[in-house]
Structures are given as structure tokens and as C-alpha cells.
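Inside the fold
Here is what each chain is made of, one letter per residue.
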There are 2 protein chains.
Amino acid sequence: MASPPPYGRVWNFSAGPSVLPVSVLEEVQRDLLNYGGTGMSVMEMSHRSKDYDKIITGAEATLRRVLDIPSNYSVLFMQGGGTGEFAAAYLNLFASKAVREKQRQLGRPLSCDYLVTGTWSKGGMKEVRRLGGHPRVVFDGVGEASYTGVPPVNEWRLGKPEETAFVYYCDNETVHGVELPPDAVVDAVDPSVPVICDMSSNMLSRPINIGRFGAIIAGAQKNMGPAGVTLVIVRRDLLERDDDSSDAVRNLPSVLDWSYFDSTGSMPHTPPTFTIYVCGLVFKWAEEQGIRELERRREARAKLVYDEIDAHPEFFRGRVDRAYRSRMNLVFNLPTPELEAQFLAEAARRNMVQLKGHRSLGGIRVSLYNAMPQEGAETIVAFMREFYANNR
Amino acid sequence: MASPPPYGRVWNFSAGPSVLPVSVLEEVQRDLLNYGGTGMSVMEMSHRSKDYDKIITGAEATLRRVLDIPSNYSVLFMQGGGTGEFAAAYLNLFASKAVREKQRQLGRPLSCDYLVTGTWSKGGMKEVRRLGGHPRVVFDGVGEASYTGVPPVNEWRLGKPEETAFVYYCDNETVHGVELPPDAVVDAVDPSVPVICDMSSNMLSRPINIGRFGAIIAGAQKNMGPAGVTLVIVRRDLLERDDDSSDAVRNLPSVLDWSYFDSTGSMPHTPPTFTIYVCGLVFKWAEEQGIRELERRREARAKLVYDEIDAHPEFFRGRVDRAYRSRMNLVFNLPTPELEAQFLAEAARRNMVQLKGHRSLGGIRVSLYNAMPQEGAETIVAFMREFYANNR
């Protein structure tokens, strides 16, 4: 049996906000009333102070090292979560010089292409429709709109490159447990078309070929830190504007304006200072582990649980095609809703919590983010085995 | 001599993010790795969990009691700070049924009225222009656009009520140190026109006649908690829409949509969970003090410093008309920039920090928010006296 977590803590399988490294929480706790001899909490520090400047520029520098972010990409810390970026991605791209020039050449509005693999990519597409845009559906699930994987590339209905402002997808769907293999989308898209990717829920869990993306957006509250900060990594040429009085820019509030954040060091207004500080500590932790080691661990944790699922597929009923199974959010059903309720109740009694599937799907969802130790995965697998033995 | 702050802390006169109550920070610290026996940090808690639901609904309930918020007002916790709400106020009002009906009756677009008392009200107006709106300038400073007070009401160029969507102002200007007396604006505006007020920097420092406002917006990072959450208190009838497919709604991203936040309990997406939790603790602290006691203390602290300024007005050079001097941000210059630099350096050596005036004005800014004890005001006044004696 694996040793229990420290401080009377539970095994926290929440899909997000989710478990953070204990060493990061300890450091936050230690410095809460007096950070590094400044005589104040980071919460109480002016965002324009030298002390805070070190924190935010340090966080960016660490992240750049961890993810090997090329120098022609900007790193922005924004607010509004993934949902804010659903709007921002569309509004900023259509306000960019690149897209506006392409549109002038075409002589009519460009489309934007959405790969729909679950709730979050669908949400991104819905926001574009809400804002008056006309996204093209490259695909919407597999077969009858069931989000169990990705159709073969030759069935993707991508627009012509000269008619397409960008291609958008979500790298990992937390609700449906669908994750794309690295580079699956950038390999399929013409290099002239920027690929915009929502990596909210698997960011920092494996290396990324950032140079192949137009922009990566990610809410912090899975692998990066507390909820309330959103990371944007964007190729600088996409930030250029040719006309700041255009209708496209007029639809873009300051708080969603990537160019404005870029030109002000993410401070067109007060940033979520403390949340960025905690993210910086998580980035430092990630650097200490190493991104390849984090990838190795994510594969090892997920394999443990999937092996148990695959050993008894009639009992642990996975939905997702093996090629697209998420390493972050492992979803399955049990034979009956009663067994699922029993599973959750017995797990909770053993200090394993937040395992309930998303309300739209029911069932069980085991989220295994970076900060979940291997012992946590071992503990739930031991429980799954026992539960199977007692209830099959 | 007043006793020094605990934990080796300094006297923190930051204009924001700013000092928080020590007892709140102690509670945050104590519960950081295991909140209330849940076995996890609040940072790690699903926003959909029962434990977190108690935190966010508790925060709202406490705030409603502290400020005596009428039941026909909604309380929203959003992101994007005051700057986000500059856009949101304009976009939501112009998407509302009330404004759209009034506009149909008038047969042409309504205007919106801006009282410009300093940087932040000007920022609110600029954001409306950016978004293609045409705000009317009710006044822009006193005399030659100097932000030292407010012109007499009979000089305000308010629009006709039937032509005006709303009147907007900022209750306290942190940069220029201008604060309006309670009800000064609502008394001057026709009751049929909603007044929208930015109270980011003096919220919770005195009672508010909320029932006289259309909406109050406030970034948290002064009297309410850490940066990263924005409070909106809005009269419910202004949230009604008659046509969700209108162009007005199409310009309104989900993350700025008051109605969407209202209908989802501030959770159209993951809220800044930890920041809201800390705000809830500050609300509880404010309730324990009592809003009238907080008002009494703010007046007492500010009087101490202003009395010293007024004793030597040729040395401590205040800019603002007495009737409009801020109780939150007390700004003054010294006779020379050299003396100002010396003042800041000597103050820092005595553990009084973040006293530098805003970069646009220079000079000294003494911010005295709720969490600044009377001893802090006494300490800086003692220092001012000594500095005057040594350098007059």
C-alpha cells in the first residue's frame, strides 16, 4: 500500500482546479505574511514594484526555459480563463495585419476552422458564433457526434489555406477524456495557416513544438497553478496590426487584446499578482523535475489506470478510442449508476476524492495531473482492483 | 511611538494591490495545505464542489450584509479588473432591454455621460471610445483639465435623461487623490438614468446607498482582497435582454457578460476560486469591524495626515480641493524633487514603503486603506513632522 499524502491531505483527482505540488504550497504558506524579507505578502505588493517585477519576469523566464519557447513568441499572462481566450483568439486574429491582408487579397471574409473533439473545443466555436463569426466545422466528434476520438485525417473538412484565418482545436478535452497525439493537428494543416490550440488541461505535461503553432492558450488551473490567470503563447507576427481604428479592433476590449498585453508586459492594468506568483513557483517546480520527466510520469500514471480498465473492459467501461485516450482525465463508466455511486462513496472513505464524472456524462473521471504522485495512481488502482473483485 | 507591525512586516502604503488585514493572512496561511479538514488547499478545489460552493455563496452573503445590498441587486464575481468593467459597463448597458427600448423610443443612439475626475474615469471613457461608442464629457477636470476636484453641479453638462443610457463616474481616483462625497452624483442625476460607479478603491470604506445606483463595479485589490477578482453589484432589471441576437450582444464576449454571470452564479466558467476565498475572509473581517466603524477609522486616519499637510501647506503641497480630498489616497508634493527622493528613502529606512506618487504625477502618495491600522497613520505623521523640522 502506498503511503498517504502529508498534512492529512487526500488524494485529489479533481479535473480542475486541481492538485498542486506540496512543496509549492509549503513555500506559499511559509512566505504568506512576509515574502522574501519584503515585509509584506505577495498579495499586498504593488504590481509596479521592483519586487513584483522580479516575480513576473522570473515566472516568464522559467516557463520559457521549461517549454523551450522560441524568442519570436510572446508570453502573456491574462485573465478570463479559456473562455476569455475563446473570444480573444478569434478577435485578435481577425484584427491582425496578417489576417486582414489575406482577407483583402481574397476579397471576402476568411473562415476559421474548428476541430470539435468535445465540450471545450465546441465552447470555443460557440463563442465565435456568439460574436458574429462563421466558423467552419472541420469535424464534430466521430460518427454521430460522439466525442470518443478523432476521425481519420482524410475525413477532415479543412478550408483552403487561402480562405482560412486559422485552425483551432483543444489538445485535451477534460470532460470527454480525449487527448490528441503531439503534432497530430499541425502535421495536417498547411504551414501558412496559424494553428491555435487550447492546452488548458495538458500544458506542462509534455514537450511542445511551439514553433509550429500560431498561438497556445491555457487557463492555469490544472498543471500551472490556481484559477485566475490565463497563459497565452503567441507568435509575434500575429500581434501586428495595420489599422487600430478598424471595426475588427473596435470589437476587442482592452482586457482581451493580445497586442496591448504584449506591449505592456502583461500589465495594461493590474494583473492577478498572487496567482501569477504561485504559477511561477509551479514553473520552477516543473523545471526541477524536467519536462521529459513530467512526460514520463504522466505516461506511467495513466498506464497504471488504463491497464486496470483494459483488464476488465466489461466492468470499467472506457469510451475513448485508445489512440486518443487522455493521460490527464481518464473517464469510464461502471455497469450501473448504483455501482458508480458506491464507487465514489467507498473511494471517498479512503481519502480519494473529486472522482465524479462531469455532470453531462456521469460515471467516473480520474484526473492525473502533474502534481499527482505515482502513489496516488497506485492507490486508486489498488482500490479499483478490490472494487472489481467485490462487485463484478 | 506606535508599535511596529508583526512578523517583521512593514507599513505598506501601496495604492494597490495593498495591505490586507493580518488576521486574514494568518487564516489563509493556516489553512493553505488543508482547508477546514477537506484535505486540500482552496486552490485545489473544484469550483463545482460543495465545499467551494459554501465559500463563494458565503462570501456573497457576507458582503450583502456588510453593504446592506438590496435583494433586487445581483452580486457578480468576475475577472478583468476595473479595465474589464470599463468595457463591460458600456457593452452590457447598451445590450440591455432598458437601453434598447429607450433608444427605439428616441429613434437614434443614446449617449452615455462621463464625469472625468482623473485617470480612472478617463480610462473608462477611453475604453468606450475604443469600442466605437460616443461618450459625452460631462466635465473633464476643473478648469484646464487639472484633476484637483469637481466643478460646481450647475456647470455639469449632463445629457437630457431621455437621450442618456447611463451616467458614469469613479468614486475615488487613486492617482489624483480625488474622492466624491457620498451621493454627490446620484443627487445630481435624474433618477430615470442609471448611475454606474467605479468604486474599486474606496469600496467597503463607508456605507453606500446602493439602491440609488444602476451598477457598482470594483476591482478587489484595495479594500477587498488580492488582485484578480472584480465585483459587480447591478440592479437586476438592467440585466434583462429582449434580443440575444442583437448586434449589441454580439459585441459582448461571454467573460464580460453580466447577465451570463448572473444566471450561472458567477460561474459561466472557472472563477478565480482562491482569490474569491480571500475576499470572503476580508468581507468577514469587515463585518466584524462594522461598516460604520470602518468609515470612522478611515476619516480618523486621513484627518491625522491631512492635519499635518494643512499645518505646513507651503512644504506639504496638496493639490486637491478640500471638499474632494481622498481618504484613501492622500497625494502631495514637497518643494523639490530632491526632497521627495529623500523623503521616500528615509521613510523606507523606517519601514514605511510604497509611498511614491504615481509615475504620471510624481510626489508622495500615502494610501490608507481599511487594513492600515491607526498606528500606521500615526507613524507616518510622526515621520512627516520630523522631516519637516529637519528640512523646512
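Every chain's residues receive numbers from 1 upward, in the order its sequence appears when written. Note on labels: chains are lettered from A, ligands numbered from 1, in written order. It should be noted that, the model being predicted, local features are given only for residues of pLDDT at least 70 and side-chain atom pairs only at 80 or more, the latter also being counted only at that level, while totals for whole chains, interfaces and linings use all residues. Hydrogens are left out, water is left out, and the side-chain values use all remaining heavy atoms of the structure.

Going by an unreviewed UniProt entry, chain A carries the name Phosphoserine transaminase and comes from Coemansia nantahalensis.

This part is about the sheet that holds strand β11 (residues 317-318) of chain A. Residue and element names in this part refer to chain A. Within the open sheet, the three strands sit side by side as β11-β12-β14. Their pairing is antiparallel. In the strand order of this sheet, the two ends are held by β11 and β14 (364-367), each with one partner. Two strands pair when backbone bridges link them, and strand β12 (residues 329-333) and β14 are joined in this way by four bridges, in the antiparallel orientation. Its bridge partner lying in β14, Leu-330 is registered against Val-366. In this scheme, strands are said to pair when DSSP sees at least two bridges between them. Only DSSP runs of H or I reaching four residues or more are called helices, and only runs of E reaching two or more are called strands; each is numbered from the N terminus.

This part covers the pairing of strand β9 (residues 215-219) of chain B. Consecutive residues of a regular strand have side chains that alternate between opposite faces of the sheet. All names here are of chain B. A simple rule labels every residue: compare its accessible area, found with a 1.4 Å probe on the protein chains alone, to the largest value its type can have, and call it buried under 20%, exposed over 50%, or partly exposed in between. Burial within β9 is extensive, with five of its five residues counted as buried. Burial of β9 is two-sided: the residues Ala-215, Ile-217 and Gly-219 facing one way and the residues Ile-216 and Ala-218 facing the other way are all buried. Judged from the three bridges that link them, strand β8 (residues 195-198) and β9 form a sheet pairing that is parallel. The residue bridging Ile-196 from the neighbouring strand is Ala-215, located in β9. Pairing geometry for β9 and strand β10 (residues 230-235), over five bridges, is antiparallel. Counterpart to Ile-216 in the pairing with β10 is Ile-233.

Moving on to the sheet that holds strand β4 (residues 135-140) of chain B. Pairing between the strands of a sheet comes from backbone hydrogen bonds, and it takes one of two forms, parallel or antiparallel. Residues and elements named next belong to chain B. What the seven strands build is an open sheet, ordered β2-β10-β9-β8-β5-β3-β4; its pairing is mixed. Only two strands of the sheet have a single neighbouring strand rather than two, namely β2 (73-78) and β4. Adjacent strand axes in the sheet meet at a mean angle of 15°, parallel and antiparallel pairs treated alike. The criterion used for residue contact is that any of the two residues' heavy atoms lie within 4.5 Å. An axis is simply a line fitted to the C-alpha atoms; with a helix, the fit covers only the stretch in contact. Between two such axes, the angle follows the N-to-C directions and lies from 0 to 180 degrees. On the sheet, helix α2 (residues 50-67) packs against β2 and β10 and is oriented at approximately 130° with respect to β2. This element, helix α3 (residues 81-95), spans β2, β3 (111-116), β5 (164-170), β8, β9 and β10 of the sheet and lies at about 165° to β5.

Attention now moves to the environment of Val-116 of chain A. Residue and element names in this part refer to chain A. Locating Val-116 in the fold gives a position in strand β3 (residues 111-116). Among the residues examined, Val-116 registers a relative accessible area of 0% and is labelled buried. Through-space distance from the C-alpha of Val-116 to that of Pro-17 is 23 Å; in sequence the pair is 99 residues apart. For Val-116, the residues in contact, after removing those within four places along its chain, are Ser-121, Lys-122, Met-125, Phe-139, Asp-140, Gly-141 and Tyr-147.

Once that is clear, we can look at the side chain of Arg-301 of chain B. Residues and elements named next belong to chain B. Mapped onto the elements, Arg-301 comes out in helix α9 (residues 291-311). Charged residues are defined narrowly, with Lys and Arg counted positive, Asp and Glu counted negative, and His plus the chain ends left uncounted. Salt bridges are defined as contacts in which a side-chain nitrogen from Lys or Arg sits within 4 Å of a carboxyl oxygen from Asp or Glu. One buried charged side chain, Arg-301, makes no salt bridge at all; its nearest oppositely charged neighbour is Glu-293, positioned 8.3 Å away. We define a polar contact as two N or O atoms separated by no more than 3.5 Å, with the added condition that, inside protein, one atom must be a possible hydrogen donor and the other a possible acceptor, whereas residues neighbouring each other in sequence contribute only through side-chain atom pairs. Among the polar contacts made by the side chain of Arg-301, one reaches the main-chain carbonyl oxygen of Met-372 at a distance of 3.0 Å. In this structure Arg-301 touches Leu-368, Tyr-369, Asn-370, Met-372, Pro-373, Gln-374 and Ala-377, once residues within four positions along its chain are discounted.

Glancing now at the domain arrangement of chain A. Residue and element names in this part refer to chain A. Segment limits for the domains were obtained from an automatic or database-derived domain assignment. Taken as a whole, chain A is organised into domain 1 (11-20 + 290-391) and domain 2 (42-287). Relative placement of domain 1 and domain 2: their C-alpha centres are 28 Å apart. Summed over both sides, the interface between domain 1 and domain 2 buries roughly 2,400 Å², with carbon and sulfur atoms accounting for 56% of that surface. At the surface where domain 1 touches domain 2, the tally comes to one salt bridge. Ionic pairing is found between Glu-179 and Arg-298, a salt bridge with its closest N-O pair at 2.6 Å. The tally of links from domain 1 across to domain 2 stands at 16 residue pairs in polar contact (both at pLDDT 80 or more). The set of elements that each furnish at least two residues to the side of domain 1 that touches domain 2 consists of α9 (291-311) and β12. In terms of residues, the side of domain 1 that touches domain 2 owes the most to one element, α9, which gives six residues. A quick way to say it: buried area is the sum, across both parts, of accessible area lost when two parts are put together, with a 1.4 Å probe.

A separate point is unusual backbone geometry. Following Gly-16 of chain A, the chain continues into Pro-17 of chain A via a peptide bond in cis, with omega recorded as -10°. Within the secondary structure layout, Pro-17 of chain A lies in the loop between β1 (11-12) and α1 (22-30). The residue Asp-68 of chain B is not glycine, and still its phi comes out positive at about 50°. Tracing the chain through its elements places Asp-68 of chain B in the loop between α2 and β2. A positive phi is found at Ser-266 of chain B, a non-glycine position, where the angle reads about 60°. Secondary-structure assignment places Ser-266 of chain B in the loop between α7 (258-263) and α8 (273-289).

Each of the two chain copies can be generated from the other by rotation about an axis followed by a shift along it. Rotating chain A by 180° and moving it 0.0 Å along the rotation axis overlays it on chain B with an RMSD of 0.0 Å. Between the two chains, the operation in question is that of a two-fold axis. Taking the C-alpha atom as reference, chain A places Gln-29 of chain A closest to the rotation axis, 2.6 Å from it. Mapped onto chain B, 100% of the interface residues of chain A again fall at the interface, so both copies present the same surface. Only residues with pLDDT of at least 70 in both copies contribute their C-alpha atoms to the least-squares superposition of the copies.

For strand β12 (residues 329-333) of chain B, the buried fraction is high: five of the five residues fall into the buried class. Because side chains alternate across β12 of chain B, one face comprises the buried residues Asn-329, Val-331 and Asn-333 of chain B, and the other comprises Leu-330 and Phe-332 of chain B, equally buried.

Let's shift gears to the packing of aromatic side chains. Residues and elements named next belong to chain A. Stacked, edge-to-face and tilted labels apply to pairs of Phe, Tyr and Trp rings (six-membered ring for Trp) whose centres lie within 6.5 Å, assigned for plane angles under 30 degrees, over 60, and everything in between, in that order. By the definition in use, this model includes 33 aromatic pairs over all chains. Seen in terms of ring centroids, Tyr-114 and Tyr-168 are 4.7 Å apart; in terms of plane orientation they differ by 20°. Their pairing is stacked. With Tyr-114 in strand β3 and Tyr-168 in strand β5 (residues 164-170), the pair connects residues that are 54 residues apart, well separated along the chain. One aromatic cluster is present, built from ring pairs that chain together Phe-315, Phe-316, Phe-332, Phe-343, Phe-383, Phe-387 and Tyr-388. By definition here, charges over rings are those cases where NZ of Lys or CZ of Arg is within 6 Å of the ring centre and within 35 degrees of the ring normal. For Arg-325, the ring lying beneath its charged end belongs to Tyr-306, and the centroid distance is 4.0 Å.

Here we take up the interface of chain A and chain B. Listed as interface residues are 67 residues of chain A and, on the opposing side, 67 residues of chain B. Together chain A and chain B conceal approximately 5,100 Å² of surface at their shared face, both sides included; 56% is due to carbon and sulfur atoms. Between the two partners, chain A and chain B, sit four salt bridges. Counting the contacts that link chain A with chain B gives 29 residue pairs in polar contact (both at pLDDT 80 or more). Contributing elements (two or more residues each) for the side of chain A that touches chain B: α1, α3 (81-95), α5 (119-130), α6 (247-250) and α8 (273-289) of chain A. Among the elements that line the side of chain A that touches chain B, the one with the most residues is α1 of chain A, at six residues. For the side of chain A that touches chain B, the class distribution of residues is 29 nonpolar, 28 polar and 10 charged. Just so you know the grouping, Ala, Val, Leu, Ile, Met, Phe, Trp, Tyr, Cys and Pro go in nonpolar, Asp, Glu, Lys and Arg go in charged, and all remaining residues, Gly too, go in polar.

Going through the model one piece at a time under the given rule, you end up with 60 salt bridges over all chains. As a salt-bridge pair, Glu-287 of chain A and Arg-65 of chain A come within 2.6 Å of each other at their nearest N and O atoms. Here Arg-65 of chain A lies in helix α2 (residues 50-67) and Glu-287 of chain A lies in helix α8, a separation of 222 residues in the sequence. The partner of Arg-350 of chain B in a salt bridge is Glu-386 of chain B, and the shortest N-O contact between them spans 2.6 Å. Of this pair, Arg-350 of chain B sits in the loop between α10 (337-349) and β13 (352-353) while Glu-386 of chain B is found in helix α11 (residues 374-391), placing the two residues 36 residues apart along the sequence. Within this structure, Arg-100, Arg-104, Asp-242 and Asp-243 of chain A form a network of salt bridges that share partners.

Every residue gets a pLDDT, meaning the predictor's confidence in that residue, from 0 to 100. Counting all residues, the mean pLDDT for chain A is 96, and 99% of those residues have values of 70 or more. Predicted as a complex, the structure gets a pTM of 0.98 and an ipTM equal to 0.97.

Another point: the side chain of Ser-46 of chain A. Here Ser-46 of chain A is to be found in the loop between α1 and α2. Discounting chain neighbours no more than four positions away, the residues touching Ser-46 of chain A are Tyr-52 of chain A together with Ser-14, Gly-16, Pro-17 and Gln-354 of chain B.

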